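Coordinates in review
The chain contents come next:
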There are 2 protein chains.
Amino acid sequence: MMSSRDGFQWTPETGLVQGVPSIGVISPSTNVTTNQSWDVIVVGGGYSGLTSLRDATVAGLRVLLVEARDRIGGRSWSSNIEGYPFEMGGTWVHMFQPHVWREISRYQMRNELESSFDFSHGVNHFQLRSSQGESIMSHDEEDALLAGALAKFVNVDGQLGRKIMPLSHDTFHIPEARKYDNMSAQDRLDEISLSLTPNERVALESFILLCSCGTLQTTSFLEFLHWWALCGYTYQGCLDCLITYKFKGGQSSFAIKFFKEALSTGRLSYVFNSPVSSIHDNGKKVTLTTRDGRQYSAPRLISTVPLNVLNTIKFEPPLDPQRVAAMNIGHVNQCVKVHAEISSKGMRSWTGISYPFNKLAYAIGDGTTPQGNTHVVCFGGNFNHIQPEEDVAATKKAVDNLSPGNMDIKRLVFHNWSRDEFAKGAWFFSPPQLLSTSLEALRARHGNVLFANSDWAVGWRSFIDGAIEEGTRAAMTVKEELGPRTTFRSNL
Amino acid sequence: MMSSRDGFQWTPETGLVQGVPSIGVISPSTNVTTNQSWDVIVVGGGYSGLTSLRDATVAGLRVLLVEARDRIGGRSWSSNIEGYPFEMGGTWVHMFQPHVWREISRYQMRNELESSFDFSHGVNHFQLRSSQGESIMSHDEEDALLAGALAKFVNVDGQLGRKIMPLSHDTFHIPEARKYDNMSAQDRLDEISLSLTPNERVALESFILLCSCGTLQTTSFLEFLHWWALCGYTYQGCLDCLITYKFKGGQSSFAIKFFKEALSTGRLSYVFNSPVSSIHDNGKKVTLTTRDGRQYSAPRLISTVPLNVLNTIKFEPPLDPQRVAAMNIGHVNQCVKVHAEISSKGMRSWTGISYPFNKLAYAIGDGTTPQGNTHVVCFGGNFNHIQPEEDVAATKKAVDNLSPGNMDIKRLVFHNWSRDEFAKGAWFFSPPQLLSTSLEALRARHGNVLFANSDWAVGWRSFIDGAIEEGTRAAMTVKEELGPRTTFRSNL
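Within each chain, residues carry numbers counting from 1 in the order of the written sequence. Going through the entries in the order they are written, you letter the chains from A and number the ligands from 1. Totals for whole chains, interfaces and linings use every residue, but because this is a predicted model, local features are given only for residues with pLDDT of at least 70 and side-chain atom pairs only at 80 or more, for both listing and counting. Think of the side-chain values as coming from all heavy atoms in the structure, minus any hydrogens and water.

**Observations concerning empty space enclosed by the protein**
Buriedness for pockets is judged along seven lines, at least five of which must meet protein on both sides within 12 Å for an open set on the 1 Å grid over protein atoms alone, while cavities are sets there where a 1.4 Å probe fits but cannot get out, and lining residues have an atom within 4 Å of a point. Grid points are joined across faces, edges and corners, and a volume is the space filled by probe spheres set on the points. By the definition in use, this model includes eight cavities of 30 Å³ or more. Of the pockets and cavities examined, the second largest cavity occupies roughly 260 Å³. Surrounding the second largest cavity, 22 residues form its lining, Asp55(A), Val58(A), Asp55(B), Val58(B) and Arg106(B) being those nearest its centre. Secondary structure elements are defined from DSSP: runs of H or I of at least 4 residues count as helices, runs of E of at least 2 residues count as strands, and each element is numbered from the N terminus. Of all elements in the fold, only helix H1 (47–58), helix H2 (98–106) and helix H12 (464–482) of chain A together with helix H1 (47–58), helix H2 (98–106) and helix H12 (464–482) of chain B reach the threshold of two or more residues within the lining of the second largest cavity. Charged residues are taken to be Asp, Glu, Lys and Arg, nonpolar residues to be Ala, Val, Leu, Ile, Met, Phe, Trp, Tyr, Cys and Pro, and polar residues to be all remaining types, Gly included. Taken together, the residues of the lining of the second largest cavity sort by class into ten nonpolar, two polar and ten charged.

**With respect to the interface of chain B and chain A**
Any two residues whose heavy atoms approach within 4.5 Å at even a single point are treated as in contact. Counting residues at the interface gives 48 residues for chain B and 48 residues for chain A. Summed over both partners, buried area is the accessible surface (1.4 Å probe) that two parts give up on being assembled. Counting the surface chain B buries against chain A, the share from its top three residues, Met95(B), Phe96(B) and Arg102(B), is 18%. A carboxyl oxygen of Asp or Glu within 4 Å of a side-chain nitrogen of Lys or Arg is what we treat as a salt bridge. Put simply, chain B and chain A have seven salt bridges between them. Its salt-bridge partner being Asp55(A), residue Arg102(B) comes within 3.8 Å of it at the nearest N-O pair. Any pair of N or O atoms that falls within 3.5 Å is considered a polar contact. Within protein, one atom must be able to donate a hydrogen and the other to accept it, and sequence-neighbouring residues count only if both atoms are side-chain atoms. One can count six residue pairs in polar contact (both at pLDDT 80 or more) joining chain B with chain A. Contributing elements (two or more residues each) for the side of chain B that touches chain A: H1, H2, helix H7 (235–243), helix H8 (251–264) and H12 of chain B. The biggest single contributor to the side of chain B that touches chain A is H2(B), with six residues.

**Comments concerning helix H3 (residues 139–154) of chain A**
Residues and elements named next belong to chain A. Here a helix's expected span is defined as the number of its residues, less one, multiplied by 1.5 Å. Spanning 16 residues, H3 covers 22 Å between terminal C-alpha atoms, matching the ideal 22 Å at 1.5 Å per step. In this scheme, a residue with accessible area under 20% of its type's maximum is buried, one over 50% is exposed, and one in between is partly exposed, where area comes from a 1.4 Å probe on protein chains only. Among the residues of H3, His139, Glu142, Leu145, Leu146, Ala149, Leu150, Phe153 and Val154 are the ones counted as buried. Looking straight down H3, one finds its buried side chains confined to an arc of 140°; they lie on one side. When the buried face of H3 is taken as reference, the exposed residues oriented beyond 90 degrees from it are Asp140 and Ala144. The directions from the helix axis to the C-beta atoms form the arc being described.

**Details of unusual backbone geometry**
Most peptide bonds take the trans form, and the phi angle of most residues other than glycine is negative. Residues and elements named next belong to chain A. The omega torsion across Ser27 and Pro28 is 0°, close enough to zero to call that bond cis. Looking at the element boundaries, Pro28 is found in the loop between strand S2 (15–18) and strand S3 (40–43). Each neighbour pair has its own omega, and for Glu316 with Pro317 the value is -5°, a cis peptide bond. Residue position: Pro317 is located in the loop between strand S16 (314–316) and helix H9 (321–329).

**Some details on the packing of aromatic side chains**
Only Phe, Tyr and Trp rings take part, Trp by its six-membered ring, and two of them pair if their centres are within 6.5 Å. Stacked means planes under 30 degrees apart, edge-to-face means over 60, and tilted covers everything else. Per the counting criterion, the structure on display carries 47 aromatic pairs over all chains. On the numbers, 6.1 Å between centres and 70° between planes, the contact of Trp38(A) with Tyr296(A) is edge-to-face. With Trp38(A) in the loop between S2 and S3 and Tyr296(A) in strand S14 (residues 295–298), this pair connects stretches of sequence that are 258 residues apart. Residues Trp38(A) and Tyr296(A) agree in their burial class; the two are buried. Note on Phe207(B) and Tyr235(B): the rings are 5.9 Å apart at their centroids and 70° apart in plane angle, and the pair reads as edge-to-face.

**Section: the side chain of Glu205(B)**
Residues and elements named next belong to chain B. Relative to the helices and strands, Glu205 resides in helix H5 (residues 198–212). Looking at Glu205, its side chain comes within polar contact range of the side chain of Arg201, at 2.6 Å. A distance of 2.6 Å separates the side chain of Glu205 from the side chain of Tyr355, its partner in a polar contact. Other than its neighbours up to four places away in sequence, Glu205 contacts Leu189, Leu216 and Tyr355.

**Looking at the pairing of strand S11 (residues 268–271) of chain B**
Residues and elements named next belong to chain B. Residues Leu268 and Tyr270 point to one face of S11 and Ser269 and Val271 to the other, with burial holding for every one of them. Bridge analysis of strand S4 (residues 63–66) against S11 gives four bridges, and the strand direction is parallel. Bridged to Val66 within S11 is Val271. Pairing between strands requires that DSSP locate at least two bridges from one strand to the other.

**Section: the relation of the copies chain B and chain A**
Rotating chain B by 180° and translating it 0.0 Å along the rotation axis places it on chain A, where the RMSD comes to 0.0 Å. Viewed as a symmetry operation, the transformation between the two copies matches a two-fold axis. Closest approach to the rotation axis among the C-alpha atoms of chain B is made by Pro98(B), whose C-alpha sits 1.8 Å away. Most of the interface of chain B is mirrored in chain A, where 100% of its interface residues are also at the interface. The superposition of copies rests on a least-squares fit of C-alpha positions from residues with pLDDT of 70 or more in both.

**Observations concerning the UniProt feature "binding site: FAD" (unreviewed entry) in chain A**
Residues and elements named next belong to chain A. UniProt positions are given in the numbering used here, feature names are shortened, and annotations may be inferred rather than shown by experiment. Here the UniProt-annotated "binding site: FAD" (unreviewed entry) positions come out as Ser48, Glu67, Ala68 and Val276. Within the fold, Ser48 resides in helix H1. Every residue in contact with Ser48, bar those within four places of it in the chain, is listed here: Thr304, Ala452, Asn453, Ser454, Ala467, Glu470 and Gly471. For Ala68, the location among the structural elements is in the loop between strand S4 (63–66) and strand S5 (78–81). Owing to a relative accessible area of 15%, Ala68 belongs among the buried residues under this scheme. Not counting residues within four places of it along the chain, the set of residues in contact with Ala68 comprises Arg5, Asn273, Ser274, Pro275 and Phe422.

Below is the structure:
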């Protein structure tokens, strides 16, 4: 298996090593020959790009993928290390996520899913550590604690958010919802603080920060309500949709299906390792220039570049001011996701919160490795940020602090999304006032350039589902505009 | 607008008239010319067929649709009468139904949905009429009544069905679930009867029968648990997913999108008004013969014929015994769905149950017509069956009995699915022991013949979503087997 430049691994034997193996690495890195032409250029090979290039090539269009990395998947990819997939980014899926589920169903991968949780053996408890002390609870007690706290947090309308956001795919369906985009999570906490127990407060804050990975001040309360609506307005729904079902073979085992289907049409060209410097639309065709000076042109271009990276590319004609303003604000998610392989078998059924003192606030037992070790996944964020590769001892300490004495660390695996120049953060999470001012601008086209990214999806925004929603939208538009392909030809 | 032969309308002025207008009627009824050949024949133009022919033609395959009716949509179609769409069959959709939602999203029809319920004005109550008396309740009380009764009904595992059916797309994931397919709804009611109030019992039975439209004895308890799991294990989820969101323009406004997209490829041929008598697979090609003796051949055939109709077609070689057994048992849903346009504006916010004495057991205010009348939709089934066109006075009486004195009927609209020779019932609902013995057999291929129908979907079986799931599956298989289309040609 090829290794990506992305990601880090640490073991006592090897120390810190940059780059981890992944089935998402594509080699050789290009199949482009001379004298080719394309109907559409897709910039970025995450799920938005993969979906749009798959749909477009199947429908007869000739597509060039231009990807900065050496791999597909964007912010969702898995590293296969000694037979075990570690999820470096976006991980979990659910049947209530329509776009991703349609693909799982279509690729007959429904039975390739498994639950992250296994409470059948081991410690089988929830460990809540705060500045005020430590509690050990059953998972039922954990659920009751969080369900109760969340109900207080979201219940702005006496109907647990159903009234203010009845349609989860239409954030602003009720115009009054806009006012909650002027509030941060901190603002909402201030409103309900007298009704929260200390344990509720700690659990609630760390759950909110698990979603946004920003700070409480930079987390839009509206966007949290949107997540809540997407999950069916219950904590159980949040658990089910956000953090339960993952691919046995890792996300890259799913992403590669899109890529291979597109390749099988004979109409997909690709160049990896090709960061983009500029995109120029002369009204008839769009010309992309890579940092190393190569140029590619096509009648349409689909940019799947994430919000936080868009302002590194020069657009001609210039982008509209509202989009530029949103790009320069950016989203706030600086998730630190660290996988730890530990020797304790019993920790498989452990979940924990250590907040606010610890650099990693939330963690769960996520799997058992082929070696029989427990795999624990730990989350931190901007509220107490670390660069995990910078000081591995500090990172290990943050893992250990989640359950002192129980973290005999055999391996760490992570991707530093904050320092990733092609992501500049993890999944989208909105600060206050970004969505209500800029969502429509972010979704708009710019001449012959279309923008497709989960960051501005209408449904499961921030999720793999939203990426597929967006890739589907862009491909459909291009297909309609370039006309039905009644006769096709292969490009390869 | 063209009229279909299907459906009935009654008004005081016209009396009973067979056939109602629909945008789903296709005219002229064929575009086939001589000397054409196809890659795949699709039998049936409901959502399974529409999805498979859309996916196949977009991917470069040449498809012939053979449809018995004069319209697309199968068991889901809408009649547009004086500017208002009456849903003759399958109606409601939800974002938690992944396959249908992906299509709604892809066709940018998210904003074409509206809620059936409008409790903003009028009587705003629930009227529960049983043999023991009548109760008028608020809708909150209605919800509490049904939620409480359903919780008792489904709670076989102390977790409201979550433990016995954790994956809604995999009915038998927990092998122990099979035992509930040996139970009827009546069997389960017998187990919990001492814990139900009389009102709970009436509401619960009529809700179960609204789902199955069979009898309590012929309703598989397992399949009811499956519906419950699909809806997220809550009554609110059932309301949201089963009976809330519908297309402003009617189902046919959605179905026509699939058909038109396929047509735009230049690779769709179709013949309507063409019931099939036999399907013969000689191992190299499949030859279909219509009742009037026309023959069509192709390397593959996708049959979307419903379970209850499959045994009217002669297959050569013969179908396997397990499938034949299931076909001969059939599903039990004999839904009687009657739309009534009534003069009372206040009834817009009414819901009602009249059970078990009445021929129509369950009804809701479903819309307001352009004339300002209230549209009420009423449901009956095999438990107290009528042929609504046979005795219109009796049908009107059944409507009136739902809320005596409040049903000043201006119009009736309905489709008699029981007497429809191409449906022989409404949406699939399983009797005990059908699914556990036959689901896999129904899903299996038969040589070059593939079977795609919501009746044997794995997820939202019985729903439009399941039809799209199945059409997607069949098209994907055919596409893979006939090879990627690297060069295509138009057939028209």
